[in-house]
There are 2 protein chains.
Amino acid sequence: MRIQYWYSFLGMAFAIPAMAQQTESLVPYVKPLTGTARMGHTYPGATVPFGMVQLSPDTDTLSYEQNGQYNKDVYRYCAGYQYADKTIVGFSHTHFNGTGHSDLGDFLIMPTTGALQLNPGTADKPESGYRSAFSHDNETAEAGYYKVKLDDHHITAELTTTPRVGIHRYTFPAADQAHIILDLVHGIYNYPDKNVWTYVRVVNDTLITGYRQTNGWARTRTEYFALSFSKPFKNYGCENSSARQVYRGFWRKFNQNANFPELAGKQLKLFFDFAITQGEQVMLKMALSPVSMDGALRNLRAEAGNWNFDGYKNAAQQAWENELHRVEIFTPDKATKEVFYTSLYHTFINPTVYMDVDGSYKGLDQNVHKADGFVNYTTFSLWDTYRALHPFFNLIQPARNADMIRSMLAHYDQTSLHMLPIWSHYANENWCMTGYHSVSLIADAVVKGNASFDANKALDACIVTASNRWYEGVGDYTDKGYVPEDKSGASVSKTLEYAYDDWAIAQMARKLNRPAVYDSFMRRAAYYKNVFDASTGFMRPRLSNGSFKKEFDPLDTEGQGFIEGNAWNYSLYVPQDPGSMIELMGGKKRFVAHLDSLFTMHLPDKYFEHTEDITRDGIIGNYVHGNEPSHHVAYLYNWAGAPAKTQERVRMILKHQYHTGADGLGGNDDCGQMSAWYIFSTLGFYPVAPGSEDYAIGSPAIEKAVLHLENGNTFTVEAQNQSDKNVYVKKMLLNGQPYTKTAISHADIVKGGSLVFVMSNKP
Amino acid sequence: MRIQYWYSFLGMAFAIPAMAQQTESLVPYVKPLTGTARMGHTYPGATVPFGMVQLSPDTDTLSYEQNGQYNKDVYRYCAGYQYADKTIVGFSHTHFNGTGHSDLGDFLIMPTTGALQLNPGTADKPESGYRSAFSHDNETAEAGYYKVKLDDHHITAELTTTPRVGIHRYTFPAADQAHIILDLVHGIYNYPDKNVWTYVRVVNDTLITGYRQTNGWARTRTEYFALSFSKPFKNYGCENSSARQVYRGFWRKFNQNANFPELAGKQLKLFFDFAITQGEQVMLKMALSPVSMDGALRNLRAEAGNWNFDGYKNAAQQAWENELHRVEIFTPDKATKEVFYTSLYHTFINPTVYMDVDGSYKGLDQNVHKADGFVNYTTFSLWDTYRALHPFFNLIQPARNADMIRSMLAHYDQTSLHMLPIWSHYANENWCMTGYHSVSLIADAVVKGNASFDANKALDACIVTASNRWYEGVGDYTDKGYVPEDKSGASVSKTLEYAYDDWAIAQMARKLNRPAVYDSFMRRAAYYKNVFDASTGFMRPRLSNGSFKKEFDPLDTEGQGFIEGNAWNYSLYVPQDPGSMIELMGGKKRFVAHLDSLFTMHLPDKYFEHTEDITRDGIIGNYVHGNEPSHHVAYLYNWAGAPAKTQERVRMILKHQYHTGADGLGGNDDCGQMSAWYIFSTLGFYPVAPGSEDYAIGSPAIEKAVLHLENGNTFTVEAQNQSDKNVYVKKMLLNGQPYTKTAISHADIVKGGSLVFVMSNKP
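None of the values given here were measured: they were computed from a predicted structure. (Residues numbered from 1 in each chain as written. Chains lettered and ligands numbered in written order. Predicted model: local features only at pLDDT ≥ 70, side-chain atom pairs only at ≥ 80, totals over all residues. Heavy atoms only, no water.)

What about the overall build of chain A?
Logical step 1: From N to C terminus, chain A includes 20 helices and 39 strands.
Logical step 2: Based on the C-alpha atoms only, the size of chain A along its principal axes is roughly 80 × 60 × 50 Å.
Logical step 3: Looking at chain A as shown, the accessible area adds up to about 23,300 Å², and 48% of this sits on carbon and sulfur atoms.
Logical step 4: In chain A, 69 positive and 79 negative side-chain charges are present, and the distance between their average locations comes to 2 Å. (Helix = DSSP H or I, 4+ residues; strand = E, 2+ residues; numbered from the N terminus. Areas by Shrake-Rupley, 256 points an atom, 1.4 Å probe, with all protein chains shown as cover. Lys, Arg positive; Asp, Glu negative; His and termini not counted. Charge placed at Lys NZ, Arg CZ, Asp CG, Glu CD.)

Comments concerning the relation of the copies chain A and chain B
Logical step 1: Superposition record for chain A on chain B: RMSD 0.0 Å, screw rotation 180°, translation along axis 0.0 Å. The relationship between the two copies is best expressed as a two-fold rotation axis. Rotation axis and chain A: the residue whose C-alpha lies nearest the axis is V196 of chain A, separated from it by 3.2 Å.
Logical step 2: The fraction of interface residues of chain A whose copies in chain B are also interface residues reaches 100%, indicating that both copies meet through the same surface. (Least-squares fit on C-alpha atoms with pLDDT ≥ 70 in both. Contact = heavy atoms within 4.5 Å.)

Focus: the packing of helix α10 (residues 455-465) of chain B against helix α12 (residues 491-511) of chain B
Residue and element names in this part refer to chain B.
Logical step 1: Taken N-terminus to C-terminus, the directions of α10 and α12 make an angle of 150°; their axes are 10 Å apart at the nearest point. It follows that α10 is roughly antiparallel to α12 by the angle criterion. Taken as a pair, α10 and α12 cross one another with a handedness that is left-handed. Each of L459, C462 and I463 in α10 lies in contact with α12, whose residues at this interface are I505, M508 and A509.
Logical step 2: Looking at the contact of α10 with α12, its residues break down into six nonpolar, no polar and no charged. (Axes fitted to C-alpha atoms, helices over the stretch in contact; angles between N-to-C directions. Parallel < 35°, antiparallel > 145°, perpendicular 65-115°, else oblique. Left-handed = near helix turned anticlockwise from the far one by under 90°. Nonpolar A, V, L, I, M, F, W, Y, C, P; charged D, E, K, R; others polar.)

Some thoughts on the domain arrangement of chain A
Residues and elements named next belong to chain A.
Logical step 1: According to the domain assignment, chain A consists of domain 1 (24-303) and domain 2 (587-763).
Logical step 2: Taking the mean C-alpha position of each, domain 1 and domain 2 sit 39 Å from one another.
Logical step 3: With 19 residues of domain 1 in contact, the opposing surface of domain 2 contributes 18 residues.
Logical step 4: Here domain 1 and domain 2 share an interface that buries about 1,300 Å² over both sides, 53% of which is from carbon and sulfur atoms.
Logical step 5: Here domain 1 is connected to domain 2 by zero salt bridges.
Logical step 6: Joining domain 1 to domain 2, the criterion identifies twelve residue pairs in polar contact (both at pLDDT 80 or more).
Logical step 7: Of the residues belonging to the side of domain 1 that touches domain 2, the class tally is six nonpolar, ten polar and three charged. (Domains from an automatic or database assignment. Buried area = accessible area lost by both parts, 1.4 Å probe. Salt bridge = Lys/Arg side-chain N within 4 Å of Asp/Glu carboxyl O. Polar contact = N/O pair within 3.5 Å; in protein donor to acceptor, adjacent residues only side chain to side chain.)

Digging into the pairing of strand β34 (residues 704-708) of chain A
Regular strands have side chains that alternate between both faces of the sheet.
Residue and element names in this part refer to chain A.
Logical step 1: For β34, the buried fraction is high: four of the five residues fall into the buried class.
Logical step 2: Direction of pairing for β34 relative to strand β35 (residues 714-720): antiparallel, over a ladder of five bridges. Paired with L707 across the two strands is F715, which belongs to β35.
Logical step 3: Between the antiparallel neighbours β34 and β35 lie five residues, among them G712 with a positive phi of about 95°. (Buried < 20%, exposed > 50% of the residue type's maximum accessible area, 1.4 Å probe, protein only. Pairing = 2+ DSSP bridges.)

Here's the deal with the pattern of salt bridges
Logical step 1: The full count for this structure, using the stated rule, is 58 salt bridges over all chains.
Logical step 2: Note that R326 of chain A and E710 of chain A form a salt bridge whose closest N and O atoms lie 3.0 Å from each other. Of this pair, R326 of chain A sits in the loop between α4 (309-324) and β20 (327-330) while E710 of chain A sits in the loop between β34 and β35, and the two are 384 residues apart along the sequence.
Logical step 3: Put simply, R469 of chain B and D479 of chain B hold a salt bridge, and the shortest N to O gap is 2.7 Å.

Overview of helix α18 (residues 643-657) of chain A
Logical step 1: Here α18 of chain A is 15 residues long and its end C-alpha atoms lie 21 Å apart, about the 21 Å a rise of 1.5 Å per residue gives.
Logical step 2: What α18 of chain A keeps buried is the set A644, T646, Q647, R649, V650, R651, I653, L654 and Q657 of chain A. (Expected span 1.5 Å × (residues − 1).)

Looking at the sheet that holds strand β32 (residues 685-686) of chain B
Logical step 1: With antiparallel pairing, the three strands of this open sheet are ordered in space as β32-β33-β38 (chain B). Either end of the sheet is taken by a strand with one partner, and the two such strands are β32 and β38 (743-745) of chain B.

Digging into the interface of chain A and chain B
Logical step 1: At the interface, 52 residues of chain A touch 52 residues of chain B.
Logical step 2: Taken together, the connections running from chain A to chain B amount to zero salt bridges.
Logical step 3: Across the chain A-chain B interface, the total number found is 20 residue pairs in polar contact (both at pLDDT 80 or more).
Logical step 4: Those elements that place two or more of their residues in the side of chain A that touches chain B are β13 (195-204), β14 (207-214), α2 (249-253), β17 (262-265) and α3 (293-303) of chain A.
Logical step 5: Among the elements that line the side of chain A that touches chain B, the one with the most residues is β13 of chain A, at six residues.
Logical step 6: Per-class residue counts for the side of chain A that touches chain B are 27 nonpolar, 14 polar and eleven charged.

Some remarks on unusual backbone geometry
Residues and elements named next belong to chain A.
Logical step 1: Geometrically, the link from N350 to P351 is a cis peptide bond, its omega value of -10° lying close to zero.
Logical step 2: Mapping P351 onto the fold places it in the loop between α5 (334-347) and β21 (352-353).
Logical step 3: Phi at A427 is positive, roughly 65°, even though this residue is not glycine.
Logical step 4: Phi is positive for W431, which is not a glycine, with a value near 65°.
Logical step 5: Structurally, W431 is set in the loop between β27 (428-429) and α9 (438-447).

Right, here's the structure in full:
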């Protein structure tokens with residue numbers, strides 16, 4: 001067992017707090033198939049917490065384009081897997097968890113029997129290619145372990161991982177021919193020109209190295225591998241389906257398609273033939289690296305030195321036990337425990353480690369860097385995750401969260417653009433969504449005292465990021481106090497989000513005693529008022545000339561000045577100052593009624609049709625939980641003097657929006673943001689405005705929870721008398737003393753202690 | 001002056017022997033324009049000895065393909081420059097010297113005035129693009145320095161280099177617009193899909209980094225750069241002429257064509273705009289690296305820290321002075337001196353250094369390696385250069401030659417193919433031509449006592465290389481004693497060359513006391529006999545069934561079992577045992593008559609038409625000097641008891657095949673092989689069989705030469721009474737003692753001393 005060894009590379013040695021007795025195993029409550037149907041976009045395969053390898057079955061390989069048109073169906077395959085599918089194409093090694101756009105799917109492996117086939121075939125005719133039919137009856141998905149029977153090939157496939165190595169075990173039937181396919185053309189969100197280049201080197205009869213370079217969502221991304229087989233192949237070959245190479249000296253002299261060990265081209269697929277006996281198990285280990293084949297080989301040797309599959313599986317599951325035990329909940333309801341620990345599992349997947357065991361990683365400048373005293377992470381879906389996921393990490397994974405911020409600061413140092421990340425993955429910025437929410441993460445860490453990085457330097461980076469006039473209307477925002485819709489679309493979303501981000505910068509500046517910065521950004525934090533249209537009561541797009549845009553439908557999300565939300569939802573996005581917003585909107589009474597309408601009105605179908613990444617289930621009335629802009633909305637009743645309504649709405653959302661089962665998520669999990677909302681809300685509090693020290697009080701949905709904090713303290717939440725009906729907070733005791741506020745501070749939690757809720761069925 | 005500093009990176013600190021007084025400057029005798037017309041394939045630009053940067057004007061950018069067909073004209077542009085051309089496209093940073101195939105041409109820079117143009121335009125209409133007309137009247141080419149007036153732009157361009165940095169100085173006219181173009185699409189032997197990827201990062205307003213990745217003659221090659229301007233540009237932009245990128249988040253948000261600092265795509269061209277005044281000089285420094293942009297930046301800073309153009313030029317020319325002074329010749333004939341030192345210049349260009357200042361280089365396995373105690377070189381045109389260039393290095397540059405061998409052994413360690421290089425460049429094997437002549441270089445170094453590498457390990461590598469049954473008929477060669485033409489074309493060339501190579505391996509084994517290896521390879525060394533057809537008196541292709549191939553025309557080079565030579569020339573290729581070959585061919589008398597016919601017969605035009613890489617001037621009778629297989633042939637008279645005929649023929653070849661002037665070379669210079677033949681023959685001796693300790697005596701063509709050897713000794717050759725008519729050796733004195741052999745040993749030379757020839761006009 002090398003678990004101790006590879007844990008140190010993940011920066012976990014210092015990050016695991018003192019645990020409870022661990023009497024109960026929590027891994028059995030994790031259901032990785034949750035969210036794999038429709039729009040959840042989770043993947044069911046094996047990974048370790050924040051692991052660099054995400055080894056998971058892909059059930060289809062649709063192209064981004066079909067007949068020259070965008071193929072909308074490709075969107076369903078963001079995680080490579082759809083529960084309703086009947087076939088598996090193979091097992092690839094990189095996947096996002098729950099994103100609303102995608103990439104990756106590197107290095108597909110598929111074991112087959114029978115005649116060699118090098119194309120995947122189609123879902124309706126799996127026999128037309130190497131893919132295989134499968135049944136969920138023969139499928140097991142656990143945290144760190146996945147197993148499935150490949151019906152067409154009569155092969156049982158088992159998968160587990162270390163942080164950087166995917167481990168496969170294939171149990172073969174008796175068969176004249178047994179192959180293992182390595183398909184470098186396969187990918188998620190693929191299209192014919194996505195592969196820029198592929199390279200494979202057959203080092204010897206058990207070791208292969210290579211890389212795949214793509215121009216995808218990440219504009220210029222290269223992933224390297226080292227692949228080791230447990231037994232020698234007897235034969236191998238290649239197919240390069242790319243256009244011919246003009247210089248053909250190679251081809252004139254050698255047949256590169258058979259047993260030729262050095263291969264390069266745009267579209268390589270390889271096969272390896274094995275002599276097998278009935279029931280024989282062949283294992284393979286696929287190590288990844290962001291920097292080189294040598295790096296992948298180093299990772300392979302450091303993390304996966306033996307062929308004990310069960311040992312790797314046990315280590316992976318023990319890693320999950322350790323992480324899951326950071327939050328122990330007590331409830332007699334098994335389903336709740338399953339949803340809770342599945343959510344916790346989903347929060348501990350992204351961001352992922354992005355460096356070799358020796359600390360080498362690819363930087364935004366496309367140079368190789370060495371992480372100096374931190375673990376480098378990638379996959380920052382920040383527009384989603386700044387809301388609750390990173391605040392959750394800031395509470396329960398503060399060491400990792402600080403390293404994530406150091407990774408973002410490295411990004412800042414390495415880009416020529418003077419920008420902290422917007423949505424970044426694999427040494428690339430993909431610019432997805434709006435705002436500059438890196439500043440929120442950094443402010444939250446600084447304000448809550450978790451800044452193991454240089455906080456003043458980080459504040460400088462935030463200021464520069466927020467001052468790039470060329471970025472998405474920031475110049476006009478700075479000059480006019482709002483983004484004009486005629487200059488930059490989704491202008492209201494941008495204005496509101498910039499204002500919140502600017503407030504977060506101000507909070508950080510206050511903490512760091514930089515009053516001029518504080519004043520300047522607090523001024524900007526009030527710019528949300530500039531897009532409020534008193535005549536309609538909504539935030540509404542304005543034009544350069546100062547007037548509001550004429551055409552305006554507050555129920556629509558298309559072309560109305562918003563992104564992933566209509567005016568009804570987005571107009572409530574002033575988390576930095578709900579009190580003033582409520583005044584703006586006509587005072588508390590009117591506001592409560594307005595919120596009630598949001599949750600109860602009917603959203604006609606025509607407004608829903610444009611929304612591609614949530615299902616109808618992701619909506620309650622006109623409140624959209626499947627997208628993020630409203631995630632704080634249920635808590636706003638607190639500011640309007642109606643905390644019981646917060647309690648009631650939160651419980652309703654918890655109950656209706658989260659289940660286990662493949663269709664358990666109403667929208668993309670968004671790299672753990674949806675799950676983090678669930679966890680906070682289940683515990684009874686929520687970070688409405690990251691960068692503030694306070695969490696808003698909601699309604700705890702379990703009997704008891706113990707938070708094991710990294711500082712060694714524990715904080716216990718108890719909900720006496722809670723049930724599906726007893727959702728209202730009658731009274732609270734903080735460390736035994738009556739507590740009447742509708743918020744609790746971060747400091748009160750991390751110093752340890754207990755918060756007791758006494759619940760009731762009456763508001 | 002940082003010359004001392006960068007010299008140490010080139011491994012020159014230890015390689016420069018004690019020099020003569022250096023009273024006479026030799027650089028003025030070097031005429032870099034020699035060989036730039038027609039088939040010489042030399043380039044006229046600036047480089048330092050064995051420098052990583054070869055900065056030279058390209059006069060055209062023909063595509064390898066035209067309308068889907070191979071474009072034969074592209075062959076003329078192997079070095080990017082044809083003397084007859086009237087326009088210059090720009091200045092690129094990597095060039096081969098005199099090759100018969102090509103690649104490279106990386107990072108074209110072109111300064112322009114007037115309206116911005118981003119396409120090169122055509123030769124007949126230079127005003128249609130950024131290229132410019134020029135005149136040879138306004139062109140100066142010196143060792144380490146090149147200058148030209150760009151007529152269309154009224155710009156004077158000057159170029160010089162350090163080992164890893166190209167230095168440009170542009171003197172501008174008064175102009176409203178001044179641009180510097182950086183074209184990453186441009187390349188030599190280009191074709192539309194040759195670019196795999198390009199990347200550019202504008203770090204600040206004077207510094208750019210990037211790379212260009214190509215699939216060319218080198219199948220998978222990436223070259224990195226760091227470009228520094230002497231003054232800030234005021235504006236910049238880009239054109240990406242590749243197919244659209246599917247994921248367009250970047251493009252939706254930003255216009256990457258104007259002042260956007262992070263660019264990636266398949267076909268990038270950039271421009272930088274400058275505000276200039278009349279007569280203003282703008283300099284730029286372009287550093288290269290085989291491994292990374294960081295590496296290029298390190299090279300830039302280490303080698304080119306200031307903006308003193310004349311300082312760089314002086315350092316480059318001093319480097320040439322030092323190298324040229326290794327061989328001092330004394331002759332009243334200025335033309336001879338020019339040919340000699342131009343030849344010496346051409347021998348000291350390839351192979352080129354291929355590592356960063358910190359020793360990092362890309363290996364054959366596409367990983368980054370660090371050269372441990374040696375300088376890593378690339379561009380091994382071994383089928384050409386094993387004959388005379390490397391033996392010349394082994395005599396006059398033994399430290400470098402040993403490092404070149406260490407580079408080849410690193411190649412061997414890094415490839416999965418268990419092969420020493422065949423024709424390798426830039427971390428790729430291109431498999432050009434026949435044989436496995438690496439073994440010849442290694443044997444020559446071992447036998448002559450210049451093995452600073454592990455000689456036994458090197459011998460093992462030679463044995464493995466010669467035993468790869470899959471390589472070009474080696475299996476059959478091993479089994480049958482010849483390569484059957486029906487199994488592998490050019491079978492006679494292969495059989496003859498393998499037999500010679502095997503003899504070389506045997507010599508090394510004898511020196512290293514490994515008698516079993518010696519015996520085994522000496523057996524193979526006699527396999528040349530198996531392709532001799534007594535009925536025709538020529539070497540002739542045999543088939544698998546043992547019979548000779550029926551159709552056979554000993555004058556033809558196409559489909560006759562040979563490559564770059566007909567049976568007349570190639571049948572004489574038994575350098576390891578001319579005596580036995582002469583017996584086989586009917587004895588000395590018959591052989592002399594046969595050789596005489598070779599030199600005097602007329603080769604009908606129809607046999608010449610297929611030969612694409614030499615001009616008619618490269619032929620004397622049917623003796624082809626422009627290709628290499630006959631390079632030893634004039635010396636064979638020595639073995640037939642007719643040394644006077646060797647003397648006569650050698651002088652004839654020297655006189656007719658070598659001149660200065662653009663058309664001074666009758667065929668490709670072949671990375672210095674043609675030039676090395678000239679130097680050896682001018683000095684009066686030649687290495688007929690590398691791997692032997694002996695040089696065959698010819699006829700010295702100068703009055704006196706002093707070889708300054710690295711061991712500190714000097715060896716003087718004197719030719720008393722020599723003239724164009726006095727080409728015959730009447731008598732010789734070695735260190736004052738009469739000497740009557742037709743060969744002189746390497747040991748006799750390197751221990752120092754003198755060899756005096758007394759010449760006469762009678763045989």
